[in-house]
Amino acid sequence: MDVVNQLVAQGQFTVVKQPLGFIKVLQWIFAIFAFSTCGSYSGVFKMSVECNNRSESDLGIEVRFDYPFRLHQVYFDAPTCKGENKDRQFLVGDYSSSAEFFVTIGVFSFLYSMAALSVYCFILEKYRENNKGAQIDFVVTAVFAFMWLVSSCAWAKGLSDVKTATDPERVVSLIPACDEKENRCREVYDPKVSGLNTSVAFGFVNLILWIGNLWFVFKETGWMAAFAGTYVPSQEKQPAPDSYAQGGYGQQDPYAGSQGGYQPEYGQQGDYNESGGYNQGYEQQPTSYSNQM
């Protein structure tokens, strides 16, 4: 109990409230619904064969079938209406491949969802370290999304074939005694396949969940930031000389040179001398011819 309490204390269960963890919980639940409704199914239908000689009739022929729907191994004994002999008949078809594939994907999805939730809750830091865990999670999620698509479509087709093969009206036609007009053959009740219909619905619900989870796992991979860096090069620091040259900072002052206007020359600026007079930056020319002499 101490180990369990320590794990619970160290767990980060707030991730379950976030889309990344919450969808994993839904995947875990609906995976159970999918493989359990298919793998635990058992159906039965009933027929009656009424012979011309009532003592040879059988009004309660029950045929039971279940997962994995190897119907070619399911048989029943029908009256021949020619004495007390019985005629053994087998159903037609083997639909175990699509059913077992569907259940297998459901079981592995259940296991992976449970493992991913454990990682999210207890070692989330290592999961996000270098984005390796998130990238592996994204690839596995994409594979499971594709597998749910294939398995759900395959099982939907397989279920349609199972319904056809277990239709009492069709099975009655397999009994040789029913080909004779003096004998009456009919169905008593059909098999209930609502559970199998539900399993197909759960399969496509899982497909939606796994496809939707791809986006939230993709955000954890760091690939989005890499793509953003590719398309936003302005985030990179540009060389200073090139930037200034392109921005016009290296050009001359438009007010200087030949365009006229005031052109200050710092070497010619005037200042006040010690006597309080103002001296120009250039040499003062003589003001009289006497001074030149």
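Keep in mind that what you see is a predicted model, and the values were worked out from it rather than measured.

What to know about the overall build of the protein
When its secondary structure is counted, the protein shows 10 helices and seven strands. Burial statistics for the protein: of 293 residues in total, 31% are counted as buried. In the protein, 69% of the contacts between residues at least 6 apart in sequence involve partners at least 24 apart. Working note: accessible area of the protein is about 18,800 Å², and carbon and sulfur atoms make up 56% of it.

A look at the packing of helix α3 (residues 96-122) against helix α5 (residues 132-165)
It is the contact of α3 with α5, at a shortest axis distance of 9 Å, that shows an interaxial angle of 155 degrees. Accordingly, the angle class assigned to the pair α3 and α5 is roughly antiparallel. α3 and α5 meet at a crossing whose hand is left-handed. Here S98, A99, F101, F102, I105, G106, F108, S109, Y112 and Y120 of α3 lie close against α5, whose contacting residues are D137, V140, F144, M147, W148, V150, S151, S152, A154, W155 and G158.

Digging into the packing of aromatic side chains
Enumeration according to the criterion identifies 19 aromatic pairs in this entry. With a centroid separation of 5.2 Å and an interplanar angle of 75 degrees, the aromatic rings of Y120 and Y127 are classed as edge-to-face. In terms of burial, Y120 and Y127 fall into one category: buried. In textbook terms, an aromatic cluster arises when at least three aromatic residues are bridged by ring pairs, as seen for Y41, F45, F65, Y67, F69, F102, W148 and W155.

Notes on the state of the cysteines
Scanning the model with the defined rule gives two disulfides in all. At a sulfur-sulfur separation of 1.8 Å, the disulfide partner of C51 is C81. Looking along the S-S bond of the C51-C81 disulfide, the torsion reads about -70 degrees, which is the left-handed sense. Note that C51 is positioned in the loop between β1 (42-50) and β2 (58-66) and C81 in the loop between β3 (75-79) and β4 (86-90), a separation of 30 residues in sequence. Summarising the burial analysis for this pair, C51 and C81 share the class buried. Sulfur-sulfur distance for the disulfide between C178 and C185 comes to 2.0 Å. Looking down the S-S bond of the C178 and C185 bridge, the torsion is -95 degrees, so its handedness is left-handed.

Definitions and limits used
Position numbers for residues start from 1 in each chain and track the written sequence from start to end. Note on the predicted model: pLDDT of at least 70 is required for a residue's local features to be given, and 80 or more for side-chain atom pairs to be given and counted; whole-chain, interface and lining totals, by contrast, use all residues. Excluded from the side-chain calculation are hydrogens and water; included are all heavy atoms of the structure. Going along the chain from the N terminus, every DSSP run of H or I of four or more residues is numbered as a helix, and every run of E of two or more is numbered as a strand. Per-residue accessibility, obtained with a 1.4 Å probe over protein chains only, is compared with the maximum for each type, and a residue is labelled buried under 20%, exposed over 50%, and partly exposed between these values. We call two residues contacting when some pair of their heavy atoms lies within 4.5 Å. Only the protein chains shown count as cover for residues, and the accessible areas themselves come from Shrake-Rupley with a 1.4 Å probe. Interaxial angles span 0 to 180 degrees and are taken between N-to-C directions of axes, which are lines fitted to C-alpha atoms, for helices over the stretch in contact. Oblique is the label for every angle not falling under 35 degrees (roughly parallel), over 145 degrees (roughly antiparallel), or within 65 to 115 degrees (roughly perpendicular). The hand of a helix crossing depends on one turn: near helix anticlockwise from the far one by less than a right angle means left-handed, and clockwise means right-handed. Here a Phe, Tyr or Trp ring, Trp counted by its six-membered ring, pairs with any other such ring whose centre lies within 6.5 Å, and the pair is stacked when the planes are under 30 degrees apart, edge-to-face when over 60, and tilted otherwise. Any pair of cysteine sulfurs within 2.5 Å is marked as a disulfide.

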